[in-house]
Amino acid sequence: MSAAWRLVFADASAGLAACAAAIAILALARRAAAGWRAMALRGAITLLIATAIADPRLVPTMSGDVIAVLDTSSSLAPEALATVWPSGTPNASARLSFGDRSASPLGAAIDLAVRALPDGGRVLVASDGAATDGDRASRSAAAAVARGVSIDAVALAPRPGPDAAVIGIRAPNTWHDGDIGQVEVSVAASTELSATVRLTLDERTVGERRITTGPRPVTVAFNPNVPPGNGPWRLQASIAAPGDREPGNDRRAWVVQRAPTLNVLVVGDSPEAIGLADVLTAAGITTAVLGPTRLGGRLSALARWDACVVVDLPASAFGVDQLATFEAMVTEHGQGLVLTGGRQSFLQGGWRGTALARLSPLLLAAPPQGDREAVALLLMVDRSASMAGGDVATHLTKLDLAREAAVLAAEVLQPGDTLGILAYDTEAAWVLPLTVVGEGARRVDVDSALRSLTAGGGTLIESALAIGLPALAAARAPTRHAVLLSDGRDASESTAALEAAVGAARAAGVTFSTLGIGRDADPELLGRLAQIGRGRAYVAVEAGDLPRLTVEESEIVRARAERSGSFRAQRVDDGPASLLSGVDVGALPPLSGYLALRPRPDADVALESPTGDPLLSGWQVGLGRVAAWASDVGAEWASAWPGDASARNLWLRAVRWTARSRAASALDANAQTDDATGRTVVTVQAMDDDGAPLDLAAATLVITSTEGASTADLRSVGPGLYAGVVTLQRIGAWPAAVRVAKGDVVRTSALTVARGFAPELAPGAHADARLAAIAAAGGGAVIDAVSARGSAAHDRAPLVLWPWLVALAAALWPLDVALQVNARQGTGRQRFGKGRGPSIAPDELGA
């Protein structure tokens, strides 16, 4: 065979770019003051440097040659090549090595070898198949066949022993003061083995787990306490396993920065609302408590709050504009909402058909018939003289309408429930004593009893409360509820006795609602009594509204889904881990009751009762999150929870899970890194205060390292969308920040950029199947070591030229400098000695 050498560029496009650059430099050099010698020298230096960048190589070629492509990456055992070629030198016309500690560009190596065989031949690929350029090798092998080159492969052995690796770490970009961190570490191994996963926070071990892992990744969750200070906090996850062959993939890093303090509004006017606010304040959250009457109805009134907590309030406590504001703040502005249970919320709170129902992750539907506890309902009907007044539309008196309302209420109840009707003016008397429906209280019985009512006398509510509430408190039904109907003002000089009676009934487990009839009723008194009784206050401005409102209240009572008894919350196996991050569910105090409701199909349930009813659930609604707690926050069912550390963590977690990320309404930044190259793509979505894209702004990325801060500009790529690319040269994690500014509007967000080990070091990255695919595509086969040793001819490694080109350019540089200096001196002598210089007109001198 006749040997020859062929010039090959590792990157042909770079070679073309080098020629173009040299031509451009020569064109510019012609305009310089120096002569043709300086111009030629400068062009030669430029061509040498540009050509060196293209990585030229002289590759020995000959007809029918064999080129050995040898994998020298770190995933191989040190003696891998020696098992094929004991002498350390393959029998081939030329040898081409590829791969290092960070990459195995197998496809690029095959392309280079094929270009060195213009007359055809054979390429022998010796590798473990751990290519970091994907399936390019198979495509390169198929293209080689068309050029008369066949591809054979030899499978090299990877490093001996098992390999375990940390393949991922997931943590937030920011932590709040006093938070409990949530970190998820993903690990895998080449074979099933036992290993220890450790998490360190600023070089201090904060968690350690003994696990069994294998080819299928395993996720290990850690919940470290956030240390005091401003951060950033540096996390490192590591894995240790006996006999681990590759230490380079045992660690991954992350950085968490300090988040702005959360602002949370607790909406409620009960002692439990104040107690919950105290818990949040003690955890470093900026908290305020407002009753519904003090809550503004404009979106701007809630703009500063990252989350709102509604503590056991009925829908009637809010105006239509307030409910619409809740819905807009969650769905459109990404703020959070926590809904808590109790005897005034969800079904009992009349939420059905309101914005609260649309936002709730729990469906406001009554449980299936027979799946609820019995209820006892007491109607206390005003029969004072003013009730003889009529309704213009129906020509019926208020008392006629009250009778109709009572009959309809009896129809709403189910067999097994209890109904009682008490009429009062200055004195009270039973119209229908508390009777079990279906046994003695039928529609005909109720209607017949109510016909005897006549209007007359004054209004003395205390008389009704004194008789009716103690009797209702003595009833056996788990749910006992009273409704007071009145169209006038009470004749008592003081309301203290009324409030005391309702308070005593409430302490006995009785709830109390009021229904004012007409404009002469006392809404202030009736509202205060309903508040004490943990019920609802209605106003029937028109008497004709009385039956409808009475039925509505009766349906709420009938639909009660209360469950009672002592039990503990249980974690849902496949529930959202983020909603319970840092919560010791097993240590939560017992509960004595809750509302048995059903979750929406797309809601996530984190805690449930022993019977499978949801206790804590959440879901995404538009841009925001909503969480629902089906028990109360300490009024009755969770009386052991206030002051408990585990319960405190649950409240904090629920609030922080729903709370608006500052990015949700202003800036959403994301970084994706290719571990093989370090190429990191940063994207930022920016919005203004109204949720519209923030266009034509200046966007900047700042990455902070021990060497200082580096800055990169991000360019606009869409409405409010900005993007840029940076390259991380080293493995590790660094804190970063993005800033988008337009006029007085400035948005910032914390970000983490991180680069892990290259895919070359992934456990089980070697793939014999890839080698077989390469050989099949290249018209060859996977051969053994003996066959590989029989490959003929010579051993000539490619000659790499770029160091010589750079050295020659460096040697010519001083000569170029000398010619330039000499050219300047010659020009100066001509100008000041012999030259006359340019002529200047008087006008040009200002004359």
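Residues numbered from 1 in each chain as written. Predicted model: local features only at pLDDT ≥ 70, side-chain atom pairs only at ≥ 80, totals over all residues. Heavy atoms only, no water.

With that settled, consider the confidence of the model for the chain. Of all residues in the chain, 83% have pLDDT values of 70 or greater, and the mean over the chain is 81. When the elements of the chain are averaged for pLDDT, helix H16 (residues 662–665) gives the smallest value, 45, and strand E18 (residues 336–340) the largest, 96. Counted against residues more than four places away or in other chains, residues 790–796, with its pLDDT under 50, gives 31 contacts. Low pLDDT, under 50, characterises residues 828–847; the predicted model gives this stretch four contacts beyond four residues in sequence or across chains. (pLDDT = per-residue confidence, 0-100. Helix = DSSP H or I, 4+ residues; strand = E, 2+ residues; numbered from the N terminus. Contact = heavy atoms within 4.5 Å.)

All right, on to the nonpolar core then. Membership of the largest hydrophobic core comes to 74 residues, with the highest contact counts inside it found for Phe326, Leu337, Leu607 and Trp629. Of the residues forming this core, the biggest block, six residues, is contributed by helix H15 (residues 645–658). Formed by 32 residues, the second largest nonpolar core is a distinct cluster that contains Leu399, Leu432, Leu515 and Leu549. (Core = buried A, V, L, I, M, F, W, Y, C linked by side-chain atoms within 4.5 Å. Buried < 20%, exposed > 50% of the residue type's maximum accessible area, 1.4 Å probe, protein only.)

So, about empty space enclosed by the protein. Scanning all chains against the criterion turns up six cavities of 30 Å³ or more. For the second largest cavity, the calculated volume is near 70 Å³. Along its surface, the second largest cavity is lined by Leu276, Val309, Val338, Thr340, Leu616, Trp629, Leu650, Trp651, Ala654 and Val655. Examining the composition of the lining of the second largest cavity, we find that four residues originate from one element, H15, more than from any other. Counted by class, the lining of the second largest cavity contains nine nonpolar, one polar and no charged residues. (1 Å grid on protein atoms, 1.4 Å probe; cavity = no way out; pocket = protein on both sides within 12 Å on 5 of 7 lines; lining within 4 Å. Points joined across faces, edges and corners; volume = space filled by probe spheres on them. Nonpolar A, V, L, I, M, F, W, Y, C, P; charged D, E, K, R; others polar.)

Next up on the list: the packing of helix H6 (residues 271–282) against H15. In the contact formed by H6 and H15, the axes pass within 10 Å of each other and the chain directions differ by 80°. With respect to H15, the axis of H6 lies roughly perpendicular. Every residue of H15 that contacts H6 at Leu276, Val279 and Leu280 is listed here: Arg648, Trp651, Leu652 and Val655. Of the residues assigned to the contact of H6 with H15, the class counts are six nonpolar, no polar and one charged. (Axes fitted to C-alpha atoms, helices over the stretch in contact; angles between N-to-C directions. Parallel < 35°, antiparallel > 145°, perpendicular 65-115°, else oblique.)

Here Thr700 shows up in strand E37 (residues 698–705). For the pair Thr700 and Val738, spaced 38 residues apart in sequence, the C-alpha separation works out to 5.6 Å. Those residues in contact with Thr700 that sit more than four places away from it in its chain are Thr711, Ala712, Asp713, Leu714, Ala737, Val738 and Arg739.

Okay, the pairing of strand E27 (residues 537–540) next. Residues of E27 alternate between two faces, with Tyr538 and Ala540 buried on one and Ala537 and Val539 left unburied on the opposite face. By the bridge criterion, four bridges tie strand E26 (residues 510–517) to E27 in an arrangement that is parallel. Bridge pairing in E27 places Ile517 opposite Ala540. The handedness of the E26 to E27 crossover, carried by helix H13 (residues 523–532), is right-handed. (Pairing = 2+ DSSP bridges. Right-handed = clockwise from strand over helix to strand, strands pointing away.)

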